[in-house]
Amino acid sequence: MAEMPEIGKISPDIFRELIYPRLGAASPDVLIGPRSGVDAAVVNLGGKAVSLTTDPVFIVPEYGWERAAWFAINILLSDSVTSGLKPKYLTIDLNLPMGITKDQLSLVWQVIHDQCAGNGVSIVTGHTARYENCGYPFVGGATVIGEGELNQYVGPEFVKPGDKIIITKGPAIEACGIFAAMFPGFLARKFGADFSRKAQDIFYKMSVVEDALAAVSVGVRDNGVTVMHDATECGIWGGLYEIAEAAGMGVTIEKDQIVIEDGVKEICALFGIDPFASISEGTLLLTCRAHKAEAILSALAAKGIKASVAGEITPAGSGMKLVENGQEKPLVHPQVDPFWKAFYNALEKYDELEGKK
C-alpha cells in the first residue's frame, strides 16, 4: 500500500488507492472525471461541454499583496484552460485571517476582479469572512467553470501514439518565481543586481492561460491539441508521467530539447533542487497531432511564449522513457516535490539570506 507523501500533493498511487474508487454517484454526463494528470473535469450539461476545476485560494502576503492576488487567481484560471474551453464563471470562498485589513482585502479583490474581467470571467457567487484559526497562505477555495461545444474540449482519451509533446517555458517556473520574489537580496549577492531584477519577471510567467488558449486556437483533437496539463507539483517529470498514465500510453521525452528560461538553472542550483522535478505552475505540457505541432509552436511564439517539441507519445506497454545525453532511462514520477523542503529551509534562514542580520 502506498504511503502519504511527506508534504505536498498526494501521489498518483495514493489517488488510485483512496480517491479514485470513491467518486460518489456515477453519471453518464461526466465526460472527463477526476484522475491523476487531469486539471479540470468536463461534463455534458444540456448538450454543452462544461469544465470545472477547484483549487485553494493561495495568498502569500510576503510576495506583496498585488503579486499574491495575481498568483492566486492565475493558478485557478490556468487549471481551467487546460480543458480546452474558455473559463466563464468563478465561485470563490475566502476564509480570511483575523489580521487582514480592509485595505489589504480591497487590493486583493481588485486584482482578482481585474484578472477575471480581462479574461471574460464573471464572479457569480462566494463567501467572504474573517475567522479565528485561519492563516496564510490557504485562505479558502474557488471553482472556475468553463463552457464550450462538445467537440471543443480536450482530454486523455483523445491522445494517440505518435502525438508530439510540446512544453512551454521549461522547468521550475513557479519554484524560481517564488524564490526570486522572496529572496531578491540573496540572488543579488550571489549573481548580481541585474540577475535578481530579471529573475523577478519569472513570477509573472506563472500562468498557462495564454499558452493554452493560443495552442487550442490552432485546433483540437485530430486537428491539433489532444490533452493539456499544467506542470505544478513534481514539475515536468511528474506532469509527463501523469499525462501518459491518464492516457494509458507510453512516452519518450528528450531532456535536451526542453526549453529553459534564463536564470532557472542558477536559482535551482543555489537552492539545491532538481528543476525538472520542481513545481512549475506556468509550464504547459501538451500533446498534439504531429502535423499540427509547427502551427502550435508558431501560435505560441506569436504570444512571446518559449516552447519546443520535446518528445512523443508511444503505444501502450512501451513504457515511460527519458533520453538524456543520448542515454535512455526510465521516466520516474518524483513523488515528492523538492521545492517545499528547500523553500521552508530557506525561510528559516530568511534574515540571514536577505542580509537582515
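Above this note sits the structure.
Residues numbered from 1 in each chain as written. Predicted model: local features only at pLDDT ≥ 70, side-chain atom pairs only at ≥ 80, totals over all residues. Heavy atoms only, no water.

Q: I would appreciate a short explanation of the overall build of the protein chain in the present structure.
A: Counting its regular elements, the protein chain contains 12 helices and 13 strands. For the protein chain, whose C-alpha radius of gyration is 20 Å, the value lies close to the compact-globule estimate of 21 Å for 357 residues. Across the 357 residues of the protein chain, 52% fall into the buried class. The contacts of the protein chain with a sequence gap of at least 6 include a subset with a gap of at least 24, amounting to 83%. (Helix = DSSP H or I, 4+ residues; strand = E, 2+ residues; numbered from the N terminus. Rg over C-alpha atoms; globule rule 2.2 N^0.38 Å. Buried < 20%, exposed > 50% of the residue type's maximum accessible area, 1.4 Å probe, protein only. Contact = heavy atoms within 4.5 Å.)

Q: Would you take a moment to explain the nonpolar core for this structure?
A: Generally speaking, soluble globular proteins have nonpolar side chains that are buried together. Formed by 77 residues in total, the largest nonpolar core has its most connected members in Tyr 63, Leu 90, Phe 179, Phe 183, Ile 267 and Leu 286. With 11 residues, the top contributor of residues to this core is helix H2 (residues 65-81). If sequence neighbours within four positions are ignored, Leu 286 has contacts with Lys 164, Ile 165, Ile 166, Ala 215, Val 225, Val 227, Met 228 and Ile 296. Leu 240, Met 249, Ile 258 and Leu 285 belong to the second largest nonpolar core, which has 23 residues in total. (Core = buried A, V, L, I, M, F, W, Y, C linked by side-chain atoms within 4.5 Å.)

Q: Quick question: what am I supposed to make of helix H10 (residues 293-302) here?
A: Ala 293, Ile 296, Leu 297, Ala 299 and Leu 300 are the residues of H10 that are buried. All buried residues of H10 project into a common sector of 160 degrees when viewed along the axis, lining one side. H10 presents Glu 294, Ala 301 and Ala 302 as exposed residues on the side facing more than 90 degrees away from its buried surface. For H10, the elements touching its buried residues are strand S7 (164-168), helix H7 (209-216), strand S8 (225-230), strand S10 (284-288) and strand S11 (307-314). The positive-phi residue at the C-terminal boundary of H10 is Gly 304, with phi of around 75 degrees. (Arc of directions from axis to C-beta.)

Q: Teacher, can you tell me more about the state of the cysteines here?
A: Any covalent bond linking the sulfur atoms of two cysteines counts as a disulfide. Going through the model one piece at a time under the given rule, you end up with 0 disulfides. With no disulfide of its own, Cys 176 lies closest to Cys 268 among cysteine sulfurs, the gap being 3.7 Å. (Disulfide = S-S within 2.5 Å.)

Q: Could you clarify how one ought to interpret the pattern of salt bridges in this entry?
A: Side-chain pairs of opposite charge can arise where the charged atoms are in close proximity. Overall, the coordinates contain 14 salt bridges when judged by the stated rule. For the salt bridge of Arg 289 with Asp 222, the shortest nitrogen-to-oxygen distance reads 2.7 Å. Of this pair, Arg 289 sits in the loop between S10 and H10 while Asp 222 sits in the loop between H7 and S8, and the two are 67 residues apart along the sequence. The exposure class of Arg 289 is buried, given its relative accessible area of 9%. Sharing partners across several salt bridges, the network here consists of Lys 160, Asp 163, Asp 222 and Arg 289. (Salt bridge = Lys/Arg side-chain N within 4 Å of Asp/Glu carboxyl O.)

Q: Help me out: how do you make sense of the sheet that holds strand S13 (residues 327-330) in this one?
A: Hydrogen bonding along the main chain pairs the strands of a sheet, whether they run parallel or antiparallel. Strand order in this open sheet of 7 strands is S8-S10-S7-S11-S9-S12-S13, and the pairing throughout is mixed. The open sheet is flanked by S8 and S13, the only strands paired with a single partner. Between one strand axis and the next, the sheet turns through 25 degrees on average, direction left out of account. Bridge count for S8 against S10 is 5 bridges, and the pairing is antiparallel. Looking at the pairing, Asp 230 lines up with Leu 284 of S10. Here helix H8 (residues 235-247) sits on the sheet and contacts S7, S8, strand S9 (250-254), S10 and strand S12 (320-324); the angle it forms with S10, its principal contact strand, is near 35 degrees. Its contacts with the sheet put H10 on S7, S8, S10 and S11, and the angle it makes with S7 is roughly 10 degrees. (Pairing = 2+ DSSP bridges. Axes fitted to C-alpha atoms, helices over the stretch in contact; angles between N-to-C directions.)

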